[in-house]
Amino acid sequence: MRFSILWFAIGIAATGQCAAVPKSHVLHEKRDATTSHQWVKREQIPSSAILPMRIGLKQQNLENGHDYLMDIAHPDSPKYGKHWTAEEVIQKFAPEQKTVDAVTEWLTGFGIHSKRITHSDNRGWLAFDATTEEAEGLLHTKYHIYEHETEGHMIPACESYHLPQNIQQHIDYITPGIKLFAPQKLSRSLSSRNFSGISSPSIKIDLTTSTHSGFPPTAAGELSTCHRWITPACIRALYSVPLTPEYPAGKPRSDNALGIFESGDAYTQKDLDRFFANFTNHIPAGTHPTLASIDGGEAPEPDAFLLAYPLIWPQAVTLYQTDDWYWTGWSSVAGGFNTFLDALDGSYCTYSAFGETGNDPKLDPVYPNPWTPSGYQGQLMCGVYKPANVISVSYGGQEAELPEYYQKRQCDEFMKLGLQGVSLIWASGDSGVAGPAFHQSSNGCLGSKSTIFNPTWPNKHVNPTLPSTRPTTTYPKCLANIKIPRHSCPYITNVGATKVYANHTIYEPESAYNDPLGQPYRVAYSSGGGFSNFYPAPTYQQAAIDSYFANHAPRYKSYDGNENFGKDGGVYNRLGRGIPDVAANGDNIPVFSGDDFTQSGGTSASTPIFASLINRINEQRLNAGKPVLGFLNPALYANPGMLNDITNGTNPGCGTEGFSAVKGWDPVTGLGTPNYAKMLEYFMGLP
């Protein structure tokens, strides 16, 4: 559908040129011509046409967000566990009142009456309707219609605009402004555990063959075959987890359901019931998560639940199922998580930062769904669900795939959720030091020679292709070269994966998860890990990384910071934030799927395992009158002895063996796997 506005019918174009910019004004934004080659500048917008103006105000204290979070998350802090309320978060980061007053005074002084100006609920932006003549006079610019050459979309925009010198410091950006975007309608096929079409490792098992006949699916408590089948009994044995959760009188709290994020996929209750009957017969048939549907989301596949329920039942699971069938099954979207964050935090729907207000129509789903009447036709869901205390996420992408502004805006929100006491547990990925193959790189690596390691966003390798919704002027070209902004948010806990190697037992140390091509999956899988090209090592992790390089420096060349990306043959950023933080078993998981019995795995499996144990610890802290754990990383790095150090295995990729699991933290399995008994003792000892 083409962009249409009534004033196109007027048939007249505003005339005259913009008056000279006064010396009191400065250039605020100017479009880079290289980013608009697919757009054609059309007629000037008539002076009487109405433009919906939005002014993103400069937020305050964002640069202090890390320190605020460390103040309540580090175990040595006297403020440990003193989490903030949602309103306190909004107040702390909202623009200063002097910013609101200064910009409002500028607008009213120009002639925009105060009654025309709306201040958003999150206090982040000012909105008003203005004629084109008013907007051009206010910003010393000219507005034209720009038409996308292939999509046909038309939007109002300017090439640049100016602000008074004394006002510029208060404004992030203004729309309509220099930004050009075109929502796109594309087709794709979506598989589980991804946003762009590659599934987690999974293989159908024929139990009648000699290879697998030694494991009847009813052997729920058998520990001698854990090197071939990781059942709930194997997980409990590996991590010292009691069968019965420590709930008073067997009754869990109503305010501590485990949260699990899903997008797309589908499950049947029959699959869950078969798993429970065979492996955890104390869990009754019919047990299922509570659906928190977001923007038309439908119930997903069962893998995460199969691993979570045996560890926390009878505690509940809340399923945050995002986006309708169209956006998760047929249309290509390059981004992710924004609609989920919108539903948890209403202020995020209109949060203005880094040149972006709300969701990005070029990267995120749009609601009401404009492409099909059978899609979700309601308004975007904002602030409709309270975040769970612990949220497990097994989705993501690569740092190189999304604009810097998009990722930074999300990372701010992860920090704000951490301030409110939410533990965000994220999968680190299944492609080792690389990413999945895509059309510019058959091995999923970066640089002109595809040799540079490819870190994940926020932390899971998933994309086999570069979605065509990505700004084509920025990413495909840069991926073939270097110098691309990448991002790995330090405010989430990243979980790698381990496995019990063949002919080993659960009484021996695990090894890093690494399944070569065809052994047994159709592609190679290994625990995602490495170093961010965007974020430096956070303070809580610095000592662990310093020790790693001092005692186990990799033999590969490195570079120092993103500004030196690939310099002198370096393949990873020595100064970057390291991933993962921790690990758990993620291989040989038995799964019932329809009429099939399959074997699955990956960090999609290890993540809900780790999250479930944190949820159990939270339950006991709440029952003891203590706050939930919230952001975990500072405490984990302050006491790594509560984890089982993994010292065997690698995470291959980019034509290398990848990094090695070594004593202490490493970019394969992090600090190690959970020892529930030690973790419980440590965390119950904190205030």
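The structure we're discussing is the one just above.
Here we summarise the structure given alongside this text. Nothing here was measured: the structure is a model prediction, and the numbers come from that model. (Residues numbered from 1 in each chain as written. Predicted model: local features only at pLDDT ≥ 70, side-chain atom pairs only at ≥ 80, totals over all residues. Heavy atoms only, no water.)

### A few points about the overall build of the chain
At step 1: Of the regular secondary structure elements, the chain holds 16 helices and 32 strands.
At step 2: Residue burial in the chain is summarised as follows: out of 687 residues, 60% are buried.
At step 3: Put simply, 79% of the contacts in the chain that link residues at least 6 apart link residues at least 24 apart.
At step 4: Working note: accessible area of the chain is about 25,600 Å², and carbon and sulfur atoms make up 53% of it. (Helix = DSSP H or I, 4+ residues; strand = E, 2+ residues; numbered from the N terminus. Buried < 20%, exposed > 50% of the residue type's maximum accessible area, 1.4 Å probe, protein only. Contact = heavy atoms within 4.5 Å. Areas by Shrake-Rupley, 256 points an atom, 1.4 Å probe, with all protein chains shown as cover.)

### Quick word on unusual backbone geometry
At step 1: The amide bond that connects Thr175 to the next residue, Pro176, takes the cis arrangement and shows omega of -10°.
At step 2: Along the chain, Pro176 turns up in the loop between β9 (171–175) and β10 (202–204).
At step 3: For the bond running from Trp313 to Pro314, omega is 15°, close enough to zero to count as cis.
At step 4: Mapped onto the fold, Pro314 is located in the loop between α8 (303–312) and β13 (317–322).
At step 5: Of note in the backbone geometry, Ala249 takes a positive phi value of approximately 55° without being a glycine.
At step 6: Note on placement: Ala249 falls in the loop between α6 (232–238) and β11 (258–263).
At step 7: Overall, Ala249 belongs to the exposed group, its relative accessible area being 77%.

### Observations concerning the packing of helix α3 (residues 97–110) against helix α4 (residues 132–139)
At step 1: It is the contact of α3 with α4, at a shortest axis distance of 11 Å, that shows an interaxial angle of 120°. Relative to α4, α3 is oriented oblique. α3 and α4 meet at a crossing whose hand is right-handed. Between α3, through Trp106, Leu107 and Phe110, and α4, the contact on the second element is made entirely by Glu134, Gly137, Leu138 and Leu139.
At step 2: Taken together, the residues of the contact of α3 with α4 break down into five nonpolar, one polar and one charged. (Axes fitted to C-alpha atoms, helices over the stretch in contact; angles between N-to-C directions. Parallel < 35°, antiparallel > 145°, perpendicular 65-115°, else oblique. Left-handed = near helix turned anticlockwise from the far one by under 90°. Nonpolar A, V, L, I, M, F, W, Y, C, P; charged D, E, K, R; others polar.)

### Section: the environment of His288
At step 1: Along the chain, the position of His288 falls in the loop between α7 (269–279) and β12 (290–294).
At step 2: By relative accessible area, which is 45% here, His288 ends up partly exposed.

### Things to note about the pattern of salt bridges
At step 1: All chains considered together, the criterion is met by eleven salt bridges.
At step 2: Across the salt bridge formed by Arg42 and Glu147, the nearest N and O atoms sit 2.9 Å from each other. Here Arg42 is found in strand β2 (residues 39–44), whereas its partner Glu147 is found in strand β6 (residues 144–148), with 105 residues between them in sequence.
At step 3: For the salt bridge of Lys142 with Glu136, the shortest nitrogen-to-oxygen distance reads 3.4 Å.
At step 4: Of the residues examined, Glu136 reaches a relative accessible area of 8% and is grouped as buried.
At step 5: When salt bridges that share partners are traced, they join Lys499, Asp515 and Asp587 into one network. (Salt bridge = Lys/Arg side-chain N within 4 Å of Asp/Glu carboxyl O.)

### A short note on the sheet that holds β2
At step 1: Ordered in space as β2-β6-β7, the three strands form an open sheet in which the pairing is antiparallel. Of all the strands in the sheet, just β2 and β7 (154–157) have a single pairing partner and so form its edges. On average, each strand axis in the sheet is tilted by 35° relative to the strand beside it, whichever way the strands run.
At step 2: As paired elements, β6 and β7 share four bridges and run antiparallel to each other. Note on β7: the bridge partner recorded for His144 is Ala157. (Pairing = 2+ DSSP bridges.)

### A word on the sheet that holds strand β4 (residues 118–119)
At step 1: Read across the open sheet, the four strands follow the order β4-β5-β3-β9; overall the sheet is antiparallel. In this open sheet, the two edge strands, each paired with only one partner strand, are β4 and β9.
At step 2: Direction of pairing for strand β3 (residues 50–57) relative to strand β5 (residues 125–131): antiparallel, over a ladder of seven bridges. Across the sheet, residue Met53 finds its bridge partner in β5, namely Phe128.
At step 3: Running over the sheet, α3 touches β3, β4, β5 and β9 and is turned about 150° from β3.

### Digging into α3
Residues lying three or four places apart along an α-helix face the same way, a consequence of the helix completing one turn every 3.6 residues.
At step 1: An ideal rise of 1.5 Å per residue puts 20 Å on 14 residues; α3 measures up with 20 Å between its terminal C-alpha atoms.
At step 2: By the burial criterion, the buried members of α3 are Thr99, Val100, Ala102, Val103, Trp106 and Leu107.
At step 3: Backbone geometry just downstream of α3 places Gly111 in the positive-phi region, at approximately 120°. (Expected span 1.5 Å × (residues − 1).)

### Notes on the packing of aromatic side chains
At step 1: Counted according to the given criterion, the structure contains 27 aromatic pairs.
At step 2: Considering the side-chain rings of Phe276 and Tyr309, the 5.9 Å spacing of their centres and the 90° angle between planes classify their relative orientation as edge-to-face. On the criterion of sequence distance, the pair formed by Phe276 in helix α7 and Tyr309 in helix α8 is long-range, its members being 33 residues apart. In this pair, the class of Phe276 matches that of Tyr309, namely buried.
At step 3: Seen from their ring centres, Phe531 and Phe659 are 5.5 Å apart, and the 85° between their planes marks the pair as edge-to-face. Taken together, the residues Phe531 in strand β24 (residues 530–536) and Phe659 in the loop between β31 (643–644) and β32 (673–674) connect sequence positions 128 residues apart. Across the pair, Phe659 and Phe531 agree in class, each one buried.
At step 4: An aromatic cluster is defined as three or more aromatic residues linked by ring pairs; in this entry it consists of Phe453, Phe531, Tyr548, Phe549, Tyr556, Tyr572, Phe659 and Trp665.
At step 5: A cation sits over an aromatic face here: Arg31 above Tyr146, 4.7 Å from the ring centre.
At step 6: Taking NZ or CZ as reference, Arg574 lies 4.1 Å from the ring centre of Phe549, over its face. (Phe/Tyr/Trp six-rings, centres within 6.5 Å; stacked < 30°, edge-to-face > 60°. Lys NZ or Arg CZ within 6 Å of the ring centre and 35° of its normal.)

### Some thoughts on the nonpolar core
At step 1: Counting residues in hydrophobic clusters, the biggest one holds 113 residues, and the most contacted among them are Ile391, Leu419, Phe610 and Phe683.
At step 2: Ignoring any residue separated from it by four or fewer positions in sequence, one finds Leu419 in contact with Tyr68, Leu69, Ile72, His83, Trp84, Val89 and Phe93.
At step 3: Membership of the second largest hydrophobic core comes to 30 residues, among which are Ile112, Cys158, Tyr161 and Tyr173. (Core = buried A, V, L, I, M, F, W, Y, C linked by side-chain atoms within 4.5 Å.)

### Some remarks on the state of the cysteines
At step 1: This structure, assessed with the given rule, holds three disulfides.
At step 2: With its sulfur 2.0 Å from that of its partner, Cys226 forms a disulfide with Cys234. When the S-S torsion is -90°, as for the bridge of Cys226 with Cys234, the disulfide is left-handed. Cys234 carries the same exposure label as Cys226, and that label is buried.
At step 3: Covalently, Cys411 is tied to Cys489 through a disulfide, its sulfur atoms 2.0 Å apart. Of note, the bridge from Cys411 to Cys489 carries an S-S torsion of about 80° and is right-handed in sense. With a gap of 78 residues between them, Cys411 in helix α11 (residues 404–419) and Cys489 in the loop between α12 (475–480) and β20 (493–499) connect regions that are remote in the sequence. (Disulfide = S-S within 2.5 Å.)

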